[in-house]
Amino acid sequence: MSVHQSGIKRITTHQLQAMKERGEKISMLTAYDFSMAKLLDGAGIDVLLVGDSASNVMAGYETTLPITLDHMIYHASSVIRAVKRAFVVVDIPFGSYQGNSSEALRSAIRIMKESGAHAVKMEGGHEIKESVVRILSAGVPVMGHLGLTPQSIFKFGTYTVRAKDDEEADKLIEDARLLEECGCFAIVVEKIPAQLAKKVAQEVKIPIIGIGAGGYVDGQVLVMQDMLGINKEFKPRFLRRYADLDTVVTDAVSRYIEDVKANDFPNENEQY
Ligand code: KIV
């Protein structure tokens with residue numbers, strides 16, 4: 001029975017917190033469009049992230065920097081129209097919150113009003129504190145994002161594992177504590193050592209969701225295209241592929257082309 005038929009209610013931030021407290025892991029995937037969001041929600045995913053990774057996997061840009069607030073709202077509203085159960089979080093894109101808390105608040109409010117999303121996600125710690133606090137005081141739930149923060153890729157210079165040295169690890173733990181104190185309901189930690197992620201998940205009471213951060217955290221997130229094997233060139237160590245849609249789609253399209261060329265499609269039963 002699908003979750004739609006079973007009468008299960010929508011996931012909330014309170015339920016995510018309760019999941020951490022009872023040791024039930026949180027499942028999270030990215031989604032950017034109506035059709036896939038409907039499948040992922042129907043399969044029972046807890047959280048859908050309309051990630052700014054849409055910039056890479058949907059629009060083909062090299063980084064997450066070019067995607068705009070209008071693009072994110074378009075993707076988020078498509079996802080929201082599909083979802084009955086999952087909690088939907090939307091990334092505030094680069095340039096829509098850094099360094100200006102009034103603009104941050106305006107961006108968060110636009111996302112919530114125009115897409116119907118349930119929460120926003122923002123990259124960074126102490127440097128975005130003022131924006132996080134303003135958004136939270138407007139009643140918008142905020143998910144933090146620490147470790148590898150792709151919106152700062154030109155500051156880091158590479159996509160390698162973050163916080164391997166003590167100084168960066170200590171700062172990350174401080175930032176996690178700060179985000180919790182501000183009132184964030186969860187934090188994504190990306191590409192950090194598993195032992196550090198474990199420490200963060202033990203230090204703070206809110207759920208810690210990992211990507212490339214090992215198994216000692218409260219939940220996992222992956223980019224949908226990566227885990228379904230649509231994007232085969234991307235092969236980081238942390239990725240587990242659950243399907244090979246590259247092959248499935250290529251085979252199906254090749255057979256369709258053959259049938260069309262051979263005038264085998266449509267046949268007698270496939271026409272009016
Ligand atoms: O945009 C995104 O997909 C993300 C995940 C990698 C967590 O932020």
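As the structure is a prediction and not an experimental result, all values here were calculated from the model. Residues take numbers from 1 onward in each chain, read along the sequence in its written order. In view of the model being predicted, local features appear only for residues whose pLDDT reaches at least 70, and side-chain atom pairs are presented and counted only at 80 or more, with totals across whole chains, interfaces and linings using the full set of residues. Side-chain calculation: all heavy atoms of the structure are included, whereas hydrogens and water are not.

What follows covers the overall build of the protein. Per the convention used, a helix needs a DSSP run of H or I reaching at least four residues, while a strand needs a run of E reaching at least two, with both numbered from the N terminus. A tally of helices and strands in the protein yields 11 helices and eight strands. Oriented by its inertia axes, the alpha-carbon framework of the protein measures out at about 65 × 40 × 35 Å. Buried residues are those whose accessible area, probed at 1.4 Å on protein chains only, stays under 20% of the maximum for their type, while exposed residues exceed 50% and partly exposed ones sit between those limits. Out of the 272 residues belonging to the protein, those deemed buried represent 49%. Surface summary for the protein: the accessible area is close to 14,000 Å², and the carbon and sulfur share equals 52%. Neither His nor the chain ends contribute to the count of charged residues, in which Lys and Arg are positive and Asp and Glu negative. Throughout, a charge is located at the NZ atom of Lys, the CZ atom of Arg, the CG atom of Asp or the CD atom of Glu. Taken as two groups, the 31 positive and 36 negative side-chain charges of the protein have centres that lie 5 Å from each other. Computed by Shrake-Rupley with a 1.4 Å probe, the accessible areas treat only the displayed protein chains as cover when residues are assessed.

So, on to the pairing of strand S2 (residues 47–50). Alternating positions in S2 separate into two faces, Val47 and Leu49 on one and Leu48 and Val50 on the other, with burial throughout. Two strands are said to pair when DSSP picks up at least two bridges between them. In the sheet, strand S1 (residues 26–30) pairs with S2 via three bridges, with the strands oriented parallel. Bridge pairing in S2 places Leu29 opposite Leu48. In the classification by handedness, the crossover that spans S1, the intervening helix H2 (residues 34–43) and the parallel S2 is right-handed. Relative to strand S3 (residues 87–91), S2 runs parallel, the two sharing four bridges. Within the sheet, the bridge partner assigned to Leu48 lies in S3 and is Val88. By convention, orient the strands away from the viewer: a clockwise path from the first strand over the helix to the second makes the crossover right-handed.

Let us now look at the packing of aromatic side chains. The aromatic pairing rule takes the rings of Phe, Tyr and Trp, using the six-membered ring of Trp, and pairs them if the centres are within 6.5 Å, calling planes under 30 degrees apart stacked, those over 60 edge-to-face and the rest tilted. Per the counting criterion, the structure on display carries three aromatic pairs. Ring geometry for Phe87 against Phe185: centres 5.4 Å apart, planes inclined by 75 degrees, an arrangement best described as edge-to-face. Residue Phe87 is located in strand S3, and its partner Phe185 is located in the loop between helix H8 (166–182) and strand S6 (186–190); the two are separated by 98 residues in the primary sequence. Looking at Phe185, the relative accessible area reads 8%, which means it is buried.

Proximity is defined per residue: any heavy atom of the residue falling within 4 Å of a molecule or strand makes that residue near it. What surrounds the ligand is the set Thr30, Leu49, Gly51, Asp52, Ser53, Asp91, Lys121, His145, Val188, Glu190, Ile211 and Val223. Between Ser53 and the ligand, the recorded distance is 2.5 Å, taken from a side-chain N or O atom to an oxygen atom. At 2.9 Å from an oxygen atom of the ligand is found a side-chain nitrogen or oxygen belonging to Lys121. In the complex, the protein chains occlude 95% of the 250 Å² of accessible area that the ligand would expose alone. Residue polarity follows a fixed list, in which Ala, Val, Leu, Ile, Met, Phe, Trp, Tyr, Cys and Pro are nonpolar, Asp, Glu, Lys and Arg are charged, and the others, Gly among them, are polar. Its residues assigned to classes, the shell around the ligand shows four nonpolar, four polar and four charged. Side-chain atoms alone can form a polar contact between residues adjacent in sequence; in general such a contact is a pair of N or O atoms within 3.5 Å, and within protein one must be able to donate a hydrogen while the other accepts it.

Looking now at the packing of helix H5 (residues 101–115) against helix H6 (residues 129–137). Running from N to C, H5 and H6 cross one another at 40 degrees; their axes reach a closest spacing of 8 Å. With respect to H6, the axis of H5 lies oblique. Here H5 and H6 pass one another in a crossing that is right-handed. Judged by residue contacts, Ser101, Ser102, Ala104, Leu105 and Ala108 of H5 engage Glu130, Ser131, Arg134 and Ile135 from H6. Residues that form the contact of H5 with H6 fall into these classes: four nonpolar, three polar and two charged. Here the axes come from fitting lines to C-alpha atoms, over the contacting stretch only for helices, and the angles between their N-to-C directions go from 0 to 180 degrees. Here the angle decides the label: under 35 degrees means roughly parallel, over 145 means roughly antiparallel, 65 to 115 means roughly perpendicular, and every other value means oblique. By convention, the crossing between two helices is left-handed when the near helix turns anticlockwise from the far helix through less than a right angle, and right-handed when the turn is clockwise. Pairs of residues are marked as contacts when any of their non-hydrogen atoms sit within 4.5 Å.

We now examine helix H9 (residues 194–203). Of the positions making up H9, those classed as buried are Leu196, Ala197, Val200 and Ala201. Relative to the axis of H9, the buried residues are bounded by an arc of 140 degrees and lie together on one face. Along H9, exposed side chains directed more than 90 degrees from the buried face belong to Gln195 and Gln202. For H9, the elements touching its buried residues are helix H1 (13–22), H8, S6 and strand S7 (208–211). The directions considered for the arc run from the helix axis to the C-beta atoms.

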